[in-house]
Amino acid sequence: MKSKSLWRPLGLCGLLLFGFNSTIAQNPLIMDQFTADPSARVFEGRVYVYPSHDIPCGKGQGMIGFCMADYHVFSSENLTDWTDHGVIVSQNKVDWVDSTSYSMWAPDCIEKNGTYYFYFPARSRDKAFGRGSAIGVATADKPFGPFTPEPKPIEGVSGIDPNPFIDRDGQAYLYWAGFGGLLMARLKDNMKELDEKPQKVGELPPKFKEGPYLFERKGIYYFTFPHVENKTERLVYCTGDNPRGPFKYGGVIMDESPTGCWTNHHSIIAYKGQWYLFYHHNDLSPHFDKNRSIRADSLFFNEDGTIQKVIPTWRGAGATPADRRIQIDRYSALSEIGASVAFLDTLHRQEGWKTVLDAKDAWIRYNSVDFGHGKWKSVRVNASGAGGIVEIRLDQTDGPVLARVQIPESPDWTVVESKLPERPSGIRNLIVSAGDAGPVEMDWISFE
Ligand code: FUB
C-alpha cells in the first residue's frame, strides 16, 4: 500500500529510561521535559545539544506564553541515546538576569582554544543593557560545564537567538535577532565583546525572521533562519562567499509545521559523515505550541551545494539496537489505510505513543534496526486488542518474513514471545503488519 503522510495524528510507545538521566528516543529526542530551539554542536566526538527549556507558565510569568528559567545540555554518541547533563545556567544564578523573567530563550555554544562559550538571551535587571532581551556569555572547560556566567551581558547587543560562528581564519562572529532584523558583528578574541558596531545582515527576504544559524561547507557560507512567509515559521537558507554576506536567497529547508507549531528553530551539523537538521515541534503538547520538543532528521545537499528540503519524520536519525524496546510508533512510514498512532495515555503524554493496526494488511515501517552479528533467537511484542497473527517482515512490505506472532485477545498489555526461524544481522528495516488480525495495538517490540 502507498504510504501516507508522516503527520497523521499520533499515539505513543513507552518511554524507556536507562538510569537516572539518560533516555532513548527517536523524534522527539527528549521525552521527560519540554525542549526547544536546539543548537547542536559536535564537541569531543559527541553531539551536544543546547536547547531552551520550556515549562508551563504560571500566572504573570514569562513573555508571550514562553516560560524558560534555565538551560540543560544533552549529549549523544549515536543520536539514539541522549544523556541529560542537567542544568548548566539558570535565571537565579546569573547576576545581570531578572530572576523573575523566565526569559531564557534560544541559546548556542561554541568552542575556542579549549574553552566553551555558551551564549544566551534573557531579560536583564538593568534596563541600561537594552530595551528587551540582552545576550550574555558563560564559559566552561567542558561542553557540559560547569559554566561560569559573566557578570554583565555583552555590551551593544540587544536581542535574542545568539549564534556564534568561527571562520576558518579564526575570526569569530556573533549573529542574533534584534530590533532591526537579523544582525551580526565581529567578536573580539576574548569572545565576550563585540569588535565592531552591529550591522544588519544584508539581502535577506522580507517579512519576519529570527533564529539565525550560519555554517560553512566547501567554501559556501549558509545563512539560515526561520522565516514567516505565510502563516508560521518555515526554515530557509541564503548563501554567500563570506560570513558577512551579502547573502542570496537559496530556498526552503523545512516547510511550515503541519501541526501549526508557530515557531521553528534549528541548527545544522555534520557528524560521522552525515548532515543533520535539528529543529522543534510541539509533539508532547499538541494543543499549546509554546511547550515544544526537539527533533533531528538527516539533511542532504545536492551536487551544486543547494540543500534538499527536509521532510520531518517521527523516526528521526540513528540506528536502534535490536534488544531495545523498539518504539515502532516512531515510524518511518505507514499504510494508507488502517494504521495510526495515538498517545498511550492522553493525560500523561510523556509516556509516549502506541501503534494501532485496525484493517486487514495495515502496516507500519520502522527503519534502521541494528541486529549486529545475528545472535537473535526470539522477538517479543507488547500488544493488546482483539488478537490474531501479527507479521514482522524485513526491509520492505513484501520482504522476507522474520516472524509471525500470535497475539492473544486481551484488553490489557501482554508481552508475547515468538521464536525466530532465521537470525537477522546488520541494519534492517522492520515492517509490522496486521494480516487479518485486529484491531491490534502495540507498544513496543524487542529482540532477544
Ligand atoms: O524559544 C523562544 C523563541 O521562540 C526563540 O528565541 C525563537 O527563535 C523561537 O523559537
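Residues numbered from 1 in each chain as written. Predicted model: local features only at pLDDT ≥ 70, side-chain atom pairs only at ≥ 80, totals over all residues. Heavy atoms only, no water.

Draft legend 1. Region of interest: the domain arrangement of the protein. Each domain of the protein was delimited in the assignment, giving domain 1 (36-299) and domain 2 (320-447). The gap between the C-alpha centroids of domain 1 and domain 2 is 37 Å. The interface of domain 1 with domain 2 comprises six residues on the first partner and five residues on the second. Scanning the region where domain 1 abuts domain 2 turns up one salt bridge. We note a salt bridge from Arg-324 to Asp-81, for which the minimum N-O separation is 2.6 Å. Classifying every residue of the side of domain 1 that touches domain 2 gives two nonpolar, two polar and two charged. (Domains from an automatic or database assignment. Contact = heavy atoms within 4.5 Å. Salt bridge = Lys/Arg side-chain N within 4 Å of Asp/Glu carboxyl O. Nonpolar A, V, L, I, M, F, W, Y, C, P; charged D, E, K, R; others polar.)

Draft legend 2. Representation of the environment of Val-440 in the model. Within the fold, Val-440 resides in strand E32 (residues 440-447). With a relative accessible area of 0%, Val-440 lands in the buried category. For the pair Val-440 and Ala-296, spaced 144 residues apart in the sequence, the C-alpha separation amounts to 29 Å. In this structure Val-440 touches Thr-355, Val-356, Leu-357, Ser-384, Gly-387 and Val-390, once residues within four positions along its chain are discounted. (Helix = DSSP H or I, 4+ residues; strand = E, 2+ residues; numbered from the N terminus. Buried < 20%, exposed > 50% of the residue type's maximum accessible area, 1.4 Å probe, protein only.)

Draft legend 3. Main features of the site of the ligand. Residues in close proximity to the ligand include Asp-37, Phe-66, Met-68, Trp-105, Ala-106, Asp-161, Glu-210, Thr-263, His-265, His-280 and Arg-292, which together make up its full environment. Within the side chain of Asp-161, one N or O atom sits 2.4 Å away from an oxygen atom of the ligand. Take His-265: an N or O atom from its side chain is 2.7 Å from an oxygen atom of the ligand. Protein contacts shield 99% of the accessible area of the ligand, which totals 280 Å² for the unbound molecule. (Near = heavy atom within 4 Å. Polar contact = N/O pair within 3.5 Å; in protein donor to acceptor, adjacent residues only side chain to side chain. Areas by Shrake-Rupley, 256 points an atom, 1.4 Å probe, with all protein chains shown as cover.)

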